[in-house]
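What the coordinates show
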Amino acid sequence: MSALYQQALLAHHQSPVGFNLDIKFDSAKSGHNPACGDEITVKVAVTDGVITDIAFEGDSCAICRASASIMCEQLKVTPFTQAKSIADKLIAGLESKENLSELLGDSYAPLNAVASFPIRAQCAQLPWQTFQLCFEELKP
Amino acid sequence: MALISRWKADFPVFTQSDQPLYYLDSAASSLVPKVVADASYQYLLNEHANSHRGFYPLSAQLTQRIEDIRAQVANFINAPSADNIIFNSGTTAGIHLVANGLNRLKSGSGNIVISAAEHHANLLPWQQIAENSDIELRVVPLAASGQVDMPMLERLIDDNTLIVAVTHLSNVLGVENPIASIGKLTRQHGAFLLVDGAQFAAHGKVNVQALGCDFYVFSGHKLYSGHGSGVLFASDVAIAELAPVVLGGGMVNSVSVSDSAWATGVRKFEAGTLNAQAIIALSAGLSYLKQAEAEGAHTYLAELTQFTLDKLSAFGGINIYSVQQSKPQSIISFNLERVHSHDVAMVLAEHHIAVRAGHHCAQPLHHCLGVGSTVRISLGLYNQAEDIEQLLVGLETCRQLFIAR
């Protein structure tokens, strides 16, 4: 039905993980995509170097929202520095149009099609870039 | 109602590919009819030279042609004379010249009045002046109609107002402002009135004298003329107060290493080589538009706009912005409830439908509307009912993908 909006991506969009959750957080950062208008806030709680909770909120497109949902799903209970490394790889992978499921695992497959739409790659990158801001604030 | 365009066949882009094209983005740039492309091509092949410079026939003929087009443009907007017409690269450049060249804005005090619906091109230059001086920038809110709130405007204009700068037709709402009334008010306080005509010029007959404006700006690329041309109309009084901003060749009477004297008239605002190709395309575009209007384009597009509004309203789940009290002209912005404008535009693109999504260079207006972005459709001469039917097919896909689950 749509090359970009595959079922798996839409599933995250429809039922996003970590969306609008009222969590106790150690860092909350906002990201903005001026080209697209996406706005997102990412909240992270870290205990003993591990992400214990992560959530997001904001007005964003389906790509941004699905990407944020995958981020929350994948990064919870992940060592903070490892999460940062995943974020770096995903952002760079979208930039260089790599296959994200090959790069990071099948959970990232819903974002594979995004690489074919360079103008939308920034939508998928935004949650992760915003997470990087949280990392910068809390980094060990 | 037979809403089939009699002009669509004039635009080769619709037949150059196996893929259909449903182009609903004319407010960004309108497409180019073959007659305009041919005029550009003929110019490049047979008439290209440097105008206003050479004594040889090729240059002299081009100079004459450009001056004839200046008169044609004056006629298009009912300016008193060709001496009121300044060529430039587009609306942005025209506003920039006024904002940076008008003597009264160098006084450092007073106020500038704009509306909340302005395109960034008619906001940022004024904002910059306010930031760098004691001049105050006053922003008039919009009434429920989407027009400038006139009682508020009356309160904000005073004898210290230097210039009022407003759009003739909002590039988001498609709503026409009561420029003649604004002009009257502006004159009572001795202020100048600049009208951003970028959108209106394609949709209605402009009469700068009836509007009572001092400046009127528009671009060729929204007038079926391709990119590169722009027009600034300036009244005689306004020209007398306007200093050139871009300095260089062709705009001087005499130059020595210590001082220079500018050319008289509008040529002093046209430093450097004029974009003759774009000006010739503009001429062809204006002729084409004039012919289309004689063939009923205005009524046709009004009917098609109403048809579109009716269809979108009947579709349901769509927020159409600011059409409660005013009839939009060929421009309609909306959101499909619970779906981001960029997702709508992407799905429509997969249906070969070209629309604009985002803030359309009018972020303050979107703040007023309480939304971050909108989907905008804008109609041109080539559009017909079929485009709107296809739009509905695309919107139905959006609904199924993003909502109906």
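The shown structure was predicted, so the numbers you read here are calculated from the model rather than taken from an experiment. (Residues numbered from 1 in each chain as written. Chains lettered and ligands numbered in written order. Predicted model: local features only at pLDDT ≥ 70, side-chain atom pairs only at ≥ 80, totals over all residues.)

Considering the overall build of chain A
Quick reminder of the rule: Only DSSP runs of H or I reaching four residues or more are called helices, and only runs of E reaching two or more are called strands; each is numbered from the N terminus. With the radius of gyration taken over C-alpha atoms, the globule rule is written as 2.2 Å times the number of residues to the power 0.38. By the convention adopted here, residues make contact when the C-beta atoms placed from their backbones lie within 7 Å.
Scanning chain A from terminus to terminus reveals 5 helices and 3 strands. Secondary structure elements in chain A, listed N-terminal to C-terminal, are α-β-β-β-α-α-α-α. Here chain A has a C-alpha radius of gyration of 14 Å; the compact-globule value for 140 residues is 14 Å, and the two agree. Counting only C-alpha atoms and orienting by the principal axes, one finds that chain A spans roughly 45 × 30 × 25 Å. A separation threshold of at least 6 residues defines the contact pool for chain A, and within that pool the share at least 24 residues apart is 65%.

Re the overall build of chain B
Counting its regular elements, chain B contains 13 helices and 15 strands. When the backbone C-alpha atoms are referred to their principal axes, chain B occupies close to 75 × 55 × 35 Å. Taking the contacts inside chain B whose residues are at least 6 apart along the sequence as the reference set, 70% of them involve residues at least 24 apart.

A few points about the domain arrangement of chain B
Residues and elements named next belong to chain B. Selection rule: Domain delimitation in this document rests on an assignment produced automatically or drawn from a domain database. Basically, the charged four are Asp, Glu, Lys and Arg, the nonpolar ten are Ala, Val, Leu, Ile, Met, Phe, Trp, Tyr, Cys and Pro, and anything else, Gly included, counts as polar.
As assigned here, chain B comprises domain 1 (8-24 + 296-403) and domain 2 (36-290). When residues of the side of domain 1 that touches domain 2 are traced back to their parent elements, those giving at least two are β12 (331-336), α12 (363-369) and β15 (374-378). Among the residues making up the side of domain 1 that touches domain 2, the classes are represented as 9 nonpolar, 9 polar and 1 charged.

Comments concerning unusual backbone geometry
Our working rule: For the exposure call, what matters is how many other C-beta atoms sit within 10 Å of a residue's own: 20 or more marks it buried, 12 or fewer exposed, and in between partly exposed, using C-beta atoms placed from the backbone.
The backbone phi angle of V77(A) is positive, close to 60°, even though this residue is not glycine. Its location among the elements puts V77(A) in the loop between α2 (62-75) and α3 (80-95). V77(A) gets classed as exposed once you count the C-beta atoms within 10 Å, which come to 11. Positioned with a positive phi, C361(B) is a non-glycine residue whose angle comes to about 55°. Mapping C361(B) onto the fold places it in the loop between β14 (356-358) and α12. Overall, the presence of 18 C-beta atoms within 10 Å leaves C361(B) in the partly exposed class.

Brief notes about the packing of helix α1 (residues 7-14) of chain A against α2(A)
Residue and element names in this part refer to chain A. Spelled out, the test is: The convention used is that axes are lines fitted to C-alpha atoms, helices contributing only their stretch in contact, and that angles between N-to-C directions extend from 0 to 180 degrees. The labels follow the angle: roughly parallel below 35 degrees, roughly antiparallel above 145, roughly perpendicular from 65 to 115, and oblique for the rest.
Packing of α1 against α2 brings their axes to within 8 Å, and their N-to-C directions diverge by 80°. By the angle class used here, α1 and α2 are roughly perpendicular. In contact with L9, H12 and H13 of α1, α2 contributes A62, R65, A66, S69 and I70.

Details of the nonpolar core
Residue and element names in this part refer to chain B. What counts is decided by this rule: Take the buried Ala, Val, Leu, Ile, Met, Phe, Trp, Tyr and Cys residues, join any whose C-beta atoms are within 7 Å, and the set you get is a nonpolar core.
Ranked by size, the top nonpolar core spans 163 residues in total, and within it L194, F215 and F233 carry the most contacts. With 11 residues, the top contributor of residues to this core is helix α9 (residues 276-294). Split by domain, this core shows at least three residues from each of two domains, domain 1 (8-24 + 296-403) and domain 2 (36-290). With residues near it in sequence (within four places) discarded, F233 still touches I77, A79, N84, I85, V208, F215 and Y216.

Some points on helix α3 (residues 91-101) of chain B
With respect to burial, α3(B) is a largely interior element, 8 of its 11 residues being buried. Those residues of α3(B) lying buried are T91(B), T92(B), G94(B), I95(B), H96(B), L97(B), V98(B) and A99(B).

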